[in-house]
Amino acid sequence: AQSVDQPDAHVTLYEGASLELRCSYSYSAAPYLFWYVQYPGQSLQFLLKYITGDAVVKGTKGFEAEFRKSNSSFNLKKSPAHWSDSAKYFCALEGTGANTGKLTFGHGTILRVHP
Amino acid sequence: GGIITQTPKFLIGQEGQKLTLKCQQNFNHDTMYWYRQDSGKGLRLIYYSITENDLQKGDLSEGYDASREKKSSFSLTVTSAQKNEMAVFLCASKDKFSYEQYFGPGTRLTVL
């Protein structure tokens, strides 16, 4: 089985602060990990991915994430945060091997950045 | 660039009715997906298809059927609509080289 947990339903901070959205996963093999963002009234957009290689991956809009196999985490980071980053963020895991193509999403974290 | 279109944008049905949602993509992607997004919750995978005429069940496939008769299209059928089924249904396709998923705008289902 594969699962993704985003423990923080809401994160609020002020513009200029550093943001970190938490994501942990459970999977028996090496997973593919993703972050997607959903702005109000819109569909999901890709931010970044970890497939293999360097543990720190950079994505669009100035975001980066760090894959930590030791504690099964893939936290999303950005510094500084901007009010336009306010949105809902989803962490996702794609299975490999027999589960190739199967995606599991976390429940999402709503980020609010005050100007 | 490509695009994913979903029809209809809004779908209103009666409880017990059979309802069909359609999705088209012009990316020429092999893999396509159907997700359900309930208000305030995450996405749950209903069905996915890794190639034409292939169907794989997701975690939420009970009560749904899917059809992938062409590479560019992927349909989802709600076999008997229930009132607790009101949600947004998202279609996506995946680039097999970048692993990135591209999402459609969604179909909002309301069951009366």
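About the criteria used
- Residues numbered from 1 in each chain as written.
- Chains lettered and ligands numbered in written order.
- Predicted model: local features only at pLDDT ≥ 70, side-chain atom pairs only at ≥ 80, totals over all residues.
- Heavy atoms only, no water.
- Helix = DSSP H or I, 4+ residues; strand = E, 2+ residues; numbered from the N terminus.
- Buried < 20%, exposed > 50% of the residue type's maximum accessible area, 1.4 Å probe, protein only.
- Phe/Tyr/Trp six-rings, centres within 6.5 Å; stacked < 30°, edge-to-face > 60°.
- Core = buried A, V, L, I, M, F, W, Y, C linked by side-chain atoms within 4.5 Å.
- Contact = heavy atoms within 4.5 Å.
- Pairing = 2+ DSSP bridges.
- Axes fitted to C-alpha atoms, helices over the stretch in contact; angles between N-to-C directions.
- Salt bridge = Lys/Arg side-chain N within 4 Å of Asp/Glu carboxyl O.
- Buried area = accessible area lost by both parts, 1.4 Å probe.
- Polar contact = N/O pair within 3.5 Å; in protein donor to acceptor, adjacent residues only side chain to side chain.

Caption draft 1: Unusual backbone geometry, seen in detail. All names here are of chain A. The amide bond that connects Ser79 to the next residue, Pro80, takes the cis arrangement and shows omega of -5 degrees. Among the structural elements, Pro80 can be located in the loop between strand 9 (73-78) and strand 10 (87-94). Positioned with a positive phi, Lys61 is a non-glycine residue whose angle comes to about 60 degrees. Structurally, the position occupied by Lys61 is in the loop between strand 7 (56-58) and strand 8 (64-68). For Lys61, a relative accessible area of 39% gives the class partly exposed.

Caption draft 2: Focus on the packing of aromatic side chains. For the coordinates displayed, the defined rule picks out 16 aromatic pairs over all chains. Pairing A:Tyr50 with A:Phe67 gives two aromatic rings, centres 4.3 Å apart and planes at 20 degrees, and the pair type is stacked. Taken as a pair, A:Tyr50 in strand 6 (residues 44-50) and A:Phe67 in strand 8 lie far apart in primary sequence, 17 residues in all. Note on accessibility: A:Tyr50 and A:Phe67 belong to one class, buried. A network of ring pairs unites the aromatic residues A:Phe34, A:Tyr36, A:Phe46, A:Phe90, A:Phe105, B:Tyr33, B:Tyr35, B:Tyr48 and B:Phe103 as a single cluster.

Caption draft 3: Focus on the nonpolar core. A:Trp35, A:Leu48, A:Phe74, A:Leu76 and A:Tyr89 are the most contacted members of the largest nonpolar core, which has 28 residues in total. Put simply, the parts of the chain that give this core at least two residues each are strand 2 (10-14), strand 3 (19-21), strand 5 (32-38), strand 6, strand 8, strand 9, strand 10 and strand 12 (109-114) of chain A. For this core, the element with the highest residue contribution is strand 10 of chain A, accounting for 4 residues. With residues up to four places along the chain from it excluded, the contact list for A:Leu48 reads A:Leu33, A:Phe34, A:Trp35, A:Val57, A:Lys58, A:Gly59, A:Phe63, A:Glu64, A:Ala65, A:Phe74 and A:Leu76. Within the second largest apolar cluster, 21 residues are counted, among which are B:Tyr64, B:Val78, B:Ala81 and B:Ala87.

Caption draft 4: Quick look at the sheet that holds strand 1 (residues 4-7) of chain B. Residues and elements named next belong to chain B. The strand order across the open sheet built from 4 strands is 1-3-8-7, with neighbouring strands paired in antiparallel fashion. Here the strands that pair on one side only, and so sit at the sheet edges, are strand 1 and strand 7 (64-70). Neighbour-to-neighbour, the strand axes of this sheet turn through a mean angle of 15 degrees, independent of strand direction.

Caption draft 5: Here's a closer look at the pairing of strand 7 of chain B. Judged from the 5 bridges that link them, strand 7 of chain B and strand 8 (residues 73-78) of chain B form a sheet pairing that is antiparallel. Opposite B:Lys70, over in strand 8 of chain B, you have B:Ser73 as the bridge partner.

Caption draft 6: Quick peek at the pattern of salt bridges. Residue and element names in this part refer to chain A. According to the stated counting rule, one finds 11 salt bridges over all chains in the structure shown. Among the salt bridges present, the one from Lys58 reaches Glu64, with a minimum N-O distance of 2.8 Å. Classification of Lys58 as exposed rests on a relative accessible area of 66%. Where Glu66 meets Arg68, a salt bridge forms, and the shortest distance between an N and an O atom there is 3.4 Å. Put simply, Glu66, Arg68 and Lys77 are held in one network by salt bridges that share partners.

Caption draft 7: Spotlight on the interface of chain A and chain B. Across the contact, 20 residues belong to chain A and 20 residues belong to chain B. Summed over both partners, the interface of chain A with chain B comes to about 1,600 Å²; 54% of that surface belongs to carbon and sulfur atoms. In this structure, the salt-bridge partner of A:Glu94 is B:Lys94, at a minimum N-O distance of 2.6 Å. Our enumeration of links across chain A and chain B arrives at 7 residue pairs in polar contact (both at pLDDT 80 or more). Every element with two or more residues in the side of chain A that touches chain B is listed here: strand 5, strand 6, strand 10 and strand 11 (103-105) of chain A. For the side of chain A that touches chain B, the leading source of residues is strand 5 of chain A, giving 4 residues.

Caption draft 8: Spotlight on the pairing of strand 2 of chain A. All names here are of chain A. Of the two faces of strand 2, the one holding Val11 and Leu13 is buried and the one holding His10, Thr12 and Tyr14 is not buried anywhere. Judged from the 5 bridges that link them, strand 2 and strand 12 form a sheet pairing that is parallel. Bridging from a neighbouring strand, Tyr14 pairs with His114 of strand 12.

The values are spatial; any link to function lies outside them.
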